[in-house]
Structures are given as structure tokens and as C-alpha cells.
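What follows is each chain in one-letter form.
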Amino acid sequence: MSTPPSPSPGGPCTAIAGTNIALVKYWGKRSGPFNLPAAGSLSLTLRELDTRTTVRFDQQPGADRVRLNGQEADQRTARRVSAFLDLVRQQAGITGAAEVVSDNTVPTAAGLASSASGFAALALAASRAAGLTLPPEALSVLARRGSGSAARSIFGGLVEMHAGTRDDGTDAYARPLLEGDAWPLRLVVAVTAEGPKAIGSTEAMRRTAETSPYYQAWIASVDADLRDARAAIVERDLRRLGAVAERSAMRMHASALAADPPILYWSPATIAAMDTVRQLRSRGVDAFFTIDAGPHVKVLCEPPHAAAVQAALASTSGVLRTIVASPGPGARVVQETPS
Ligand code: PMV
């Protein structure tokens, strides 16, 4: 493959990407080596929860050095990062070992989607440091190879991931739907546990697809939710978008719950926070929850209600802390040094 000219072939590059939270969930892969989603998804990229990653390639091959949040990465993570860097090296036609330094603004916590911002920032920083200047769709395709949700964090605001139909995944990438400031939204995160999640999303998706009698029904339901969510976004209709988000999350978790052995990410605090959201709604506060592969609850609302939502979640039994997040930009280069 030819290498397009780059402002910094071989120089170190630092990129930042915000994480994203899906309002129409991604839960299931097609088979094959390209990490292809079985259905589309739709998400909001966030400003406050992001990853900053610097990549530098040596001239010589060797072992990659990976530091995450100030510490040497554990073996499993380092292997996953190196496998991803191999894709970049292959695409750029280089062989040098890499040095990767990556930091999350919020400590990596279960289900706070750090792999989305992590692989989006890594895709951008590594491709540029390798001398490639990829267009956004190609960057999204690359990020997807690291983590399905990372494909969406290449873009800011409300973003749709297209499942595509090709076996090589070249049409499985995200596209922006609406810039962040075009519809001011808030996502209040209720953190309900610290530490890694019980079962990673890749393994959980595989088990759901192979053993859950509800998996096919879940996948078959996604397109209608995507259509509904798109229409709600065009109309800036929070109640409609919120209803889709809650339905999509519940159906995703229902499919996982029916796996064998079952996959249950919720804790008592998760259910208490869901109840808080329903109580808020009964008092006229438009707030809607979503839940990922972990026990935390993320609540969608508009800015005038964010303080009330945060206060109600903060006083919910089992909620450890809350973060008010807002729509943010897509992945961007913040520093480049020509070699
Ligand atoms: O990107 P992955 O492979 O970690 O999968 C993400 C899965 C969910 O966060 C649960 C849903 C989503 O669409 O982000």
C-alpha cells in the first residue's frame, strides 16, 4: 500500500479522543478476523472522559513499550496494543518498535468505556507517527480493529456506526450525525463500583451470540431503534431519544442475561439508580438511563436538569460518585514533531 505524504513521517504524535456512550447499543460481532459489528449503533462522544496518547516509532524492530496511566501495561493489554500497532506498521510499511504513553482523564473504571477513547486516540497517534494521514472513515475502520466502540470516538457529538456488508470491513465505520453544540445535552454518570468488570465485552458478546435464545431477536431489533433515534435527533426530541436509549440498553442486557452461563452486569446500586431516574421523570424531569458492560448508570438529560439529576443520583444508595459529561469533539492531534 502506498504511503501518503505526512507532516511528520516518523515523528512522535500525541492525540486526544473522548470516550462515547452508546444510546443504541453495539452488542454482537460478525465472524471473521476484522472485528465487525453484527448491527449498527449510535452514540454520544464526551468531552470530560478522554484519553491522551503519545506514540513514537523507533527505526529498529523490537518489543513495544506501553505505559498506561503512569504504569507499565499488564501483559494482556500490552499484547492487545502491540497487535493493533502491527496493523498500523503493516499499513505504513514500517517495522520499528513503538513507545506508547497513554493517560485517561478519569481512572480506568469498569464499563466507563475506556477502550473507546483509548483505541481512537491510539489509532490517530500511531497512524500519524507512522507517517500515515488517514481520512476519518479509514481512521474509524482502523480504530474499530482495536475496539468496536472506538470507531465511533473518531467523531464528535452524536455519531452513527454503520455495520456495513463487506467481509473485509472497509464499509464498517462511523459517521457524524450532529456536532455536539448543535444540541446541548448532558450525560450524568453514576459510578457504582471501582475496579475491572467481571467479564469483558468481547467474551460476553461471543457467549451471548452462541448461547442466548434472545440474541437474534436483539440484533433484529437494532435497525428500528436506529431509525427512531435518527428521527429523534433531527427533531431534537429528548423524550423520544431517551425512550430509544432505555429500550436499547434493556434489550442488550436482556440478551446477555439469557446467555448460558448468564451475564449480569448490574449491582443493587444499578437498579437503585434506574429507579431514581424513573422517580425524576415522575416529577417532570426529563432524564433517561443507559447501562453498558458494567454496573454504572449513565443518564441523558438537557443542561437545565443536569444539577437535579446529579443530586438525585449522588444521594442514591450505592452510588460512589457522579460525573457530569457533555458532548465533545472527535479525536484530534494535539502535538506533532517532525522527525
Ligand atoms: O467496544 P467494545 O468491544 O468494548 O464494546 C462496547 C460494548 C458496549 O459498551 C456495552 C456497548 C457500546 O455500543 O458501546
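Procedures and definitions
Residues numbered from 1 in each chain as written. Predicted model: local features only at pLDDT ≥ 70, side-chain atom pairs only at ≥ 80, totals over all residues. Heavy atoms only, no water. Phe/Tyr/Trp six-rings, centres within 6.5 Å; stacked < 30°, edge-to-face > 60°. Helix = DSSP H or I, 4+ residues; strand = E, 2+ residues; numbered from the N terminus. Buried < 20%, exposed > 50% of the residue type's maximum accessible area, 1.4 Å probe, protein only. Near = heavy atom within 4 Å. Polar contact = N/O pair within 3.5 Å; in protein donor to acceptor, adjacent residues only side chain to side chain. Areas by Shrake-Rupley, 256 points an atom, 1.4 Å probe, with all protein chains shown as cover. Nonpolar A, V, L, I, M, F, W, Y, C, P; charged D, E, K, R; others polar. Domains from an automatic or database assignment. Pairing = 2+ DSSP bridges. Axes fitted to C-alpha atoms, helices over the stretch in contact; angles between N-to-C directions. Core = buried A, V, L, I, M, F, W, Y, C linked by side-chain atoms within 4.5 Å. Contact = heavy atoms within 4.5 Å. Buried area = accessible area lost by both parts, 1.4 Å probe. Salt bridge = Lys/Arg side-chain N within 4 Å of Asp/Glu carboxyl O. Parallel < 35°, antiparallel > 145°, perpendicular 65-115°, else oblique. Left-handed = near helix turned anticlockwise from the far one by under 90°.

## Here's the deal with the packing of aromatic side chains
Aromatic ring pairs are defined here through the distance separating the ring centres and the angle between the ring planes. All chains considered together, the criterion is met by 2 aromatic pairs. Measuring from centroid to centroid gives 5.4 Å for Phe84 and Phe119, while their planes differ by 65 degrees, and the two rings are edge-to-face. Here Phe84, found in helix α1 (residues 75-92), pairs with Phe119, found in helix α2 (residues 114-129); they are 35 residues apart in sequence, far enough to count as distant. For the residue pair Phe84 and Phe119, the accessibility class agrees, reading buried in each case.

## Regarding the site of the ligand
Taken together, 14 residues are adjacent to the ligand, and Tyr26, Ser147, Ser149, Arg152 and Ser201 come closest. Here Arg152 contributes a side-chain N or O atom positioned 2.7 Å from an oxygen atom of the ligand. In isolation the ligand exposes 380 Å². Once the protein is present, 93% of that is buried. Here the shell around the ligand is composed, by residue class, of 6 nonpolar, 5 polar and 3 charged. Inspection of the shell around the ligand shows a minimum of three residues originating in each of domain 1 (13-180) and domain 2 (186-325).

## Looking at the sheet that holds strand β9 (residues 288-290)
The strand order across the open sheet formed by 4 strands is β9-β10-β8-β11, and the pairing between neighbours is antiparallel. Looking at strand neighbours, the two that pair on one side only are β9 and β11 (321-325), the edges of this open sheet. Strand-to-strand, the axes of this sheet are offset by a mean angle of 25 degrees, without reference to chain direction. Relative to β11, strand β8 (residues 186-191) is paired through 5 bridges, and the arrangement is antiparallel. If you follow Val188 over to β11, its bridge partner there is Val324.

## Structural notes on the nonpolar core
In terms of nonpolar packing, the biggest core is built from 43 residues, with Trp27, Leu42, Leu158, Trp183, Leu241 and Leu300 touching the most fellow members. Put simply, the parts of the chain that give this core at least two residues each are β1 (13-24), β2 (41-57), β8, α4 (201-211), α5 (215-235), α6 (238-257) and β11. Ranked by residues supplied to this core, first place goes to α5 with 8 residues. A domain-level breakdown of this core finds at least three residues from each of domain 1 (13-180) and domain 2 (186-325). In this structure, Leu241 is in contact with Leu23, Trp183, Ala229, Ala232, Ile233 and Leu300, ignoring residues within four places of it in sequence.

## Some remarks on the domain arrangement of the chain
For the chain, the domain assignment lists domain 1 (13-180) and domain 2 (186-325). Listed by partner, the interface residues are 27 residues for domain 1 and 43 residues for domain 2. Summed over both sides, the interface of domain 1 with domain 2 buries roughly 2,900 Å², with 74% coming from carbon and sulfur. Counting across the interface, domain 1 meets domain 2 through 2 salt bridges. Asp292 is the salt-bridge partner of Lys25, the closest N and O atoms lying 2.6 Å from each other.

## Focus on the packing of α1 against helix α3 (residues 136-146)
Two packed helices can be described by the angle between their axes and the distance between those axes. α3 packs onto α1 with a crossing angle of 150 degrees between their chain directions and a minimal axis gap of 9 Å. By the angle class used here, α1 and α3 are roughly antiparallel. Our pair here, α1 against α3, has a crossing hand that is right-handed. The segment α1 lies against α3, with Arg80, Phe84, Leu87, Val88 and Gln91 engaging Leu142, Ala143, Arg145 and Gly146.

## Considerations on unusual backbone geometry
Where the residue is not glycine, phi is negative for most of them; where a peptide bond is considered, it is trans in most cases. The residue after Asp260, namely Pro261, is reached through a cis peptide bond having omega -5 degrees. Relative to the helices and strands, Pro261 is located in the loop between α6 and α7 (268-282). Phi is positive for Arg236, close to 50 degrees, though the residue is something other than glycine. Taking the relative accessible area as the measure of exposure, Arg236 reaches 36% and is therefore partly exposed.

## Some thoughts on the pairing of strand β3 (residues 65-68)
Relative to strand β5 (residues 98-104), β3 is paired through 4 bridges, and the arrangement is parallel. Bridging from a neighbouring strand, Arg65 pairs with Glu99 of β5. Taken together, the 2 bridges between β3 and strand β4 (residues 71-72) define a ladder with antiparallel strand orientation. For Arg67, the partnering residue across the bridge sits in β4 and is Glu72. Between the antiparallel neighbours β3 and β4 lie 2 residues, among them Asn69 with a positive phi of about 50 degrees.

## Some points on the pattern of salt bridges
Following the criterion strictly, the structure yields 20 salt bridges and no others. Two residues, Arg239 and Asp286, come together in a salt bridge whose shortest N-O distance is 3.1 Å. One end of the pair, Arg239, is in helix α6; the other, Asp286, is in the loop between α7 and β9, with 47 residues separating them in the sequence. On the basis of relative accessible area, Arg239 is assigned to the exposed category, the value being 55%. A single network of salt bridges, built from pairs that share partners, joins Asp225, Asp228, Glu235, Arg240 and Arg247.

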